[in-house]
Amino acid sequence: MSSAPREPVGPIDSSRIPRYAGPATFARLPRLDEVGGTADVAVVGVPFDSGVSYRPGARFGGNAIREASRLLRPYNPAQDASPFALAQVADAGDIAANPFNINEAVETIEAAADDLLATGARLMTLGGDHTIALPLLRSVAKKHGPVALLHFDAHLDTWDTYFGAEYTHGTPFRRAVEEGILDTSALSHVGTRGPLYGKKDLDDDAKMGFGIVTSADVMRRGVDEVADQLRQRIGDRPLYISIDIDVLDPAHAPGTGTPEAGGITSRELLEILRGLAGCHLVSADLVEVAPAYDHAEITSVAASHTAYELTTIMSRQIGAQRSL
Ligand SMILES: N=C(N)NCCCC(=O)O
Ligand SMILES: [Zn+2]
Ligand SMILES: [Zn+2]
C-alpha cells in the first residue's frame, strides 16, 4: 500500500555548491523544518556528556559528525541504494539537554524522541555519551514494545551504578533490562573487549540475556558469519542498534572518551552493518565521539559513514514498504 509520498528533498548538490560551504547538516541534507516538519528518518543530535566516567567531550560529537559527513555522496554502492531518494531523511537539529542535571536531561531526551517518533520518523541520533541510549530506548519501546538490541561497543554498559548514580554511560542497558523495554530473547553485544571489574560483570550480563560477539570473535569468524548469526537472532523483531564508536580500535577511532586496545576496524563495522540490511531497524544511535581527542577527523569520518549505513538500512526498508 503506498501513501503517495512527496519526492524526498535530497542533499545539497556538491557539484554546484562546494561541499565545504555553508552550515553543516548531516550529509548536507535539508533541515526538518525545510521539509515541512516531518521526515521518514530524522537525524538528531544529542549533545549531552554529563554521564561519562573518564574523558568528557562527546557533547561535541554530533556536530563533528555533521562536519565530517559533508563528503558523503548520495549513492551507496555497498547496499546498491540511494538512501536519500528512497525516503525523506532530514536533520532535526539538536535536543537541548540540561548538562547540570542528568535526570532532567534523560527526561528531556525521552520527550524529544517521543515527539519525533510521533510524527512517524525513525531516529538516527548522533551523541552524546552512552547515557542517552536509555531514554531513546524508552521512547522506542513505547511505540514498538520491547525491542531487540544490537549493541556495538568495547564495553558492556550493563554495570549497575557509578558513585551511586543510576544514569551513566556505563549503565544504560542494565536499566533498560530492569525496565522491561528490551526483548531479552534478542540482545547482543558486538566488539566487546578489555578489562572488567570482575568475572561477575559477565555473569550478570549473561543473566540479563545478552550474547557476546567479542572483538576477537569478529577477527576469527569473519564479518559474514557474524552478521548471519546476528540476523538469525534478531529475526523480524523491531530492532534498535546502538553504536558506541569505541567499538572501533583506537587506531580507527581515537576521538572517544574510554578507548580500549584491540578493537574492530571501521571496515569490519561497516560490513557487519551492511549484512544486517533487511532487518526491521526502527531507530539507532551513534555515541561517544569526542572530537577533542580526534586527529584529522579520523573518528568523525568513521562515524559519518557508520550513520550513513544505518540510514541506508532504514531508507531501503521504507522504500520497499512504499513500493508494496
Ligand atoms: N560507554 C562507554 N563508552 N564507556 C563505559 C565505560 C564505563 C567505565 O568507565 O567503566
Ligand atoms: Zn564503550
Ligand atoms: Zn558504551
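In this text the structure is predicted, and so the values were computed from the model without any measurement. (Residues numbered from 1 in each chain as written. Chains lettered and ligands numbered in written order. Predicted model: local features only at pLDDT ≥ 70, side-chain atom pairs only at ≥ 80, totals over all residues.)

(A) Here's a closer look at the UniProt feature "binding site: Mn(2+)" (unreviewed entry) in the protein. According to UniProt, the positions carrying the feature "binding site: Mn(2+)" (unreviewed entry) are His130, Asp153, His155, Asp157, Asp244 and Asp246. Separation in sequence by 117 residues is not matched in space for these annotated residues, since their most distant C-alpha atoms are only 12.1 Å apart. Mapped onto the elements, Asp153 comes out in the loop between strand 4 (147–152) and helix 5 (172–178). Dropping the residues within four chain positions of it, Asp153 is found in contact with His189, Gly191, Thr192, Asp244, Asp246 and Val247. Along the chain, Asp157 turns up in the loop between strand 4 and helix 5. (UniProt positions renumbered as here; feature names shortened; annotations may be inferred. Helix = DSSP H or I, 4+ residues; strand = E, 2+ residues; numbered from the N terminus. Contact = placed C-beta atoms within 7 Å.)

(B) Representation of the packing of helix 3 (residues 102–118) against helix 4 (residues 133–144) within the structure. With their axes 8 Å apart at the nearest point, helix 3 and helix 4 run at an angle of 35° to one another. When you trace helix 3 past helix 4, the crossing you get is right-handed. Seen from helix 3, the contacting residues are Val106, Ile109, Glu110, Ala113, Asp114 and Leu117; seen from helix 4, they are Leu134, Pro135, Leu136, Arg138, Ser139, Val140, Lys142 and Lys143. Classifying every residue of the contact of helix 3 with helix 4 by side-chain character gives 8 nonpolar, 1 polar and 5 charged. (Axes fitted to C-alpha atoms, helices over the stretch in contact; angles between N-to-C directions. Left-handed = near helix turned anticlockwise from the far one by under 90°. Nonpolar A, V, L, I, M, F, W, Y, C, P; charged D, E, K, R; others polar.)

(C) Looking closely at the site of ligand 1. In the neighbourhood of ligand 1, the contacting residues comprise Ser53, Tyr54, His130, His155, Asp157, His169, Gly170, Asp244, Asp246, Gly257, Thr258 and Glu288. Partitioning the shell around ligand 1 into residue classes produces 1 nonpolar, 7 polar and 4 charged. (Near = placed C-beta within 6 Å.)

(D) The environment of Ser185, seen in detail. By secondary structure assignment, the location of Ser185 is in strand 5 (residues 182–192). For the pair Ser185 and Thr171, spaced 14 residues apart in the sequence, the C-alpha separation amounts to 20 Å.

(E) Spotlight on the nonpolar core. In terms of nonpolar packing, the biggest core is built from 95 residues, with Ala42, Ile109, Leu137 and Leu239 touching the most fellow members. Per-element tally for this core: the top contributor is helix 10 (residues 298–322), with 9 residues. Other than its neighbours up to four places away in sequence, Ala42 contacts Leu32, Ala90, Ala92, Leu116, Ala121 and Leu123. (Core = buried A, V, L, I, M, F, W, Y, C linked by C-beta atoms within 7 Å. Buried ≥ 20, exposed ≤ 12 C-beta atoms within 10 Å, placed from the backbone.)

(F) Structural view of the confidence of the model for the protein. Looking at the protein as a whole, the pLDDT averages 97, with 98% of positions reaching at least 70. The ipTM for the predicted assembly is 0.98, set against a pTM of 0.98. (pLDDT = per-residue confidence, 0-100.)

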